[in-house]
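Read off the chains here:
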Amino acid sequence: MIIPIGPVHPALKEPLRLKLHTIGERVIDAEIDYGYVYRGIEKIMEGKTWQKSVYLAERVCGICSYIQTQTFTETFEKIAGEEVPLRAQFLRVITNELDRIQSHLLANSTYFKTIEHETLFMYMLSMREMIMDAIELLTGNRVHMAWNVVGGVRLDAKEVHLKSIVDILDKFESQYPKYPQMFENGPLLGLRSKEVGVMSKEDAIKARAAGPIARASQVIGDLRIDKPVYRDHFDFKVIWRDEGDNFARNMNRFDEVTESIKIIRQAIENLPEGNIRKKIDIPAGYADNRNEAPRGEVAYMIETNGNLIKNISIRTPSIMNIDACVKYMFKDVATVADALATYASVDPCIACTERVVIVDEKSGKTCEFDGIWNVKSVDLK
Amino acid sequence: MLDTLKSIIRKSSIHMCLLNTGGCNGCDIEIIALLSPRYDLEQYGIYFHNNPREADVILVTGPVAEQWKENLERVYSKIPNPKIVIAVGACCLSGHLYDQKGSSVYPPLDKFIPVDASVPGCPPRPSEILQTILTVGPNAVAAKGRQKD
């Protein structure tokens, strides 16, 4: 039996079509349809200056909008071969980590909503509002911060603002630790999430999963430890777990929030004096740049002629994570409700591409669709 | 008598559906933020679920992407009367940044379905969205219901 879910569905916040192939309620396989939010951002960016494109880069995704602009501007700085002032780098770190916290809290709240645990859902959202206040204090906006420019950041942070951010973090930390404990020790929450949607380490590598989803399956990789500013000035550890199930993915995000708070505190304490922006002349050239977004690795590849963008390609992590979810985590999930919870646990943020998997329902095997010219390879009875 | 009763009840029980037609999620997460204890949508009797077949108010975000050109009308026809459409965000109104050469979006929204109210902003603050729903929602749901009967 095929159960279609979406594109408009109570469980989904963003349009995407899932087709679950089930025997009874046991999910044997799934198909996925993207393409409901395709806007052609990369095409619009071509032939524009960075001043115009940086707004578009921000609007690739609303939840992790900050990291998109940071990666975009860092790519131009890489083409010019210059480094921004240290104060600007620290301010970028603070904003990046604040954005990571709110994204992780939102992802966890969506998961709790999907498994119908309204209490934790509300707690998560109320904690998130505090962080949104901190973001608004620092940058002036809640969602699209418009914080990065090529050569630094747009505004300087005043001492008062940093102090109130520390106050907000104090309040946050005094309340926060009980929620991971609630999730870890709650017997019903454990039943609903432990050993559901398991992805092994090998599968995670095969599917190129990224970010907390891969780290929950023992693939230990965090691009932040490769970044010079993080490596030299901050002391933090990469969170990873070995269960690979829904519980591990959510706990991984819970623990990363604590690490992010640690980084923000260090950044505010050691914030160096100096300029926040410097003039950078951009020559013609090509560069690619990677960063750790809340969901994993985001990469920008930009070719410019010194003024206009000639060619740009953006790679976002959600696409690999959703594919990993559909291909490996949905295998042998006991019920459709658990399948939806698994889908919510990978923190999906709908990107734009289209893929096809063909399933032979009798044997329960999948085969790749090679394109319409190779249709004979598929038994289409 | 029955109509009056119906309109009174409808005022304090509004079901809402969110329709993302290709935006960047920014407006969507501000609508999700409405559910948080700080704004608390449900104290006004507004219940948020994503089912168009039960909804009174649909919140549409995003410029209309290629796939939604035909599907918008289909979704709209599934909503029972009275139906209120609120366009949230600048994308719905003008296409915002996406409506440029090379894109595949078809704004504005009111080319496809009738729009009752709109909230400009990229993204609008949760309080603004809430204010719009409360201004348009209850009375319009009651009034439109009466017209239909």
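This structure is a prediction, so every number in the text was calculated from the model and none was measured.

(A) Here's a closer look at the pairing of strand S1 (residues 14-20) of chain B. Residue and element names in this part refer to chain B. Among the seven residues of S1, six are classified as buried, and the element is accordingly described as predominantly covered. Of the pairings in the sheet, the one linking S1 to strand S2 (residues 46-48) comprises three bridges and is parallel in character. What sits directly across from His-15, in S2, is Tyr-47. Between S1 and its parallel partner S2, the chain crosses via helix H2 (residues 26-33), and the hand of that crossover is right-handed. In this sheet, strand S3 (residues 57-61) lies alongside S1 in parallel orientation, the contact comprising five bridges. Note on S3: the bridge partner recorded for Leu-18 is Leu-59.

(B) Spatial organisation of the pattern of salt bridges. Residues and elements named next belong to chain A. Going through the model one piece at a time under the given rule, you end up with 34 salt bridges over all chains. Of the charged contacts in the structure, one is a salt bridge between Glu-74 and Arg-92, with a shortest N-O distance of 3.9 Å. One end of the pair, Glu-74, is in helix H3 (residues 65-80); the other, Arg-92, is in helix H4 (residues 86-114), with 18 residues separating them in the sequence. For Glu-82, the salt bridge goes to Lys-278, with nearest N and O atoms at 3.3 Å. Here Glu-82 is found in the loop between H3 and H4, whereas its partner Lys-278 is found in the loop between helix H12 (246-269) and strand S6 (284-293), with 196 residues between them in sequence.

(C) Structural context of the sheet that holds S2(B). Residue and element names in this part refer to chain B. The parallel open sheet is built from five strands, whose spatial order is S2-S1-S3-S4-S5. The open sheet has two free edges, formed respectively by S2 and strand S5 (117-119), since each of these has just one partner strand. Strand-to-strand twist of the sheet, defined as the mean angle between neighbouring strand axes without regard to direction, takes the value 25 degrees.

(D) Broad picture of the confidence of the model for chain A. This prediction gives chain A a mean pLDDT of 86; 92% of its residues lie at or above 70. Counted against residues more than four places away or in other chains, residues 351-359 of chain A, with its pLDDT under 50, gives 30 contacts.

About the criteria used
Residues numbered from 1 in each chain as written. Chains lettered and ligands numbered in written order. Predicted model: local features only at pLDDT ≥ 70, side-chain atom pairs only at ≥ 80, totals over all residues. Heavy atoms only, no water. Buried < 20%, exposed > 50% of the residue type's maximum accessible area, 1.4 Å probe, protein only. Helix = DSSP H or I, 4+ residues; strand = E, 2+ residues; numbered from the N terminus. Pairing = 2+ DSSP bridges. Right-handed = clockwise from strand over helix to strand, strands pointing away. Salt bridge = Lys/Arg side-chain N within 4 Å of Asp/Glu carboxyl O. Axes fitted to C-alpha atoms, helices over the stretch in contact; angles between N-to-C directions. pLDDT = per-residue confidence, 0-100. Contact = heavy atoms within 4.5 Å.

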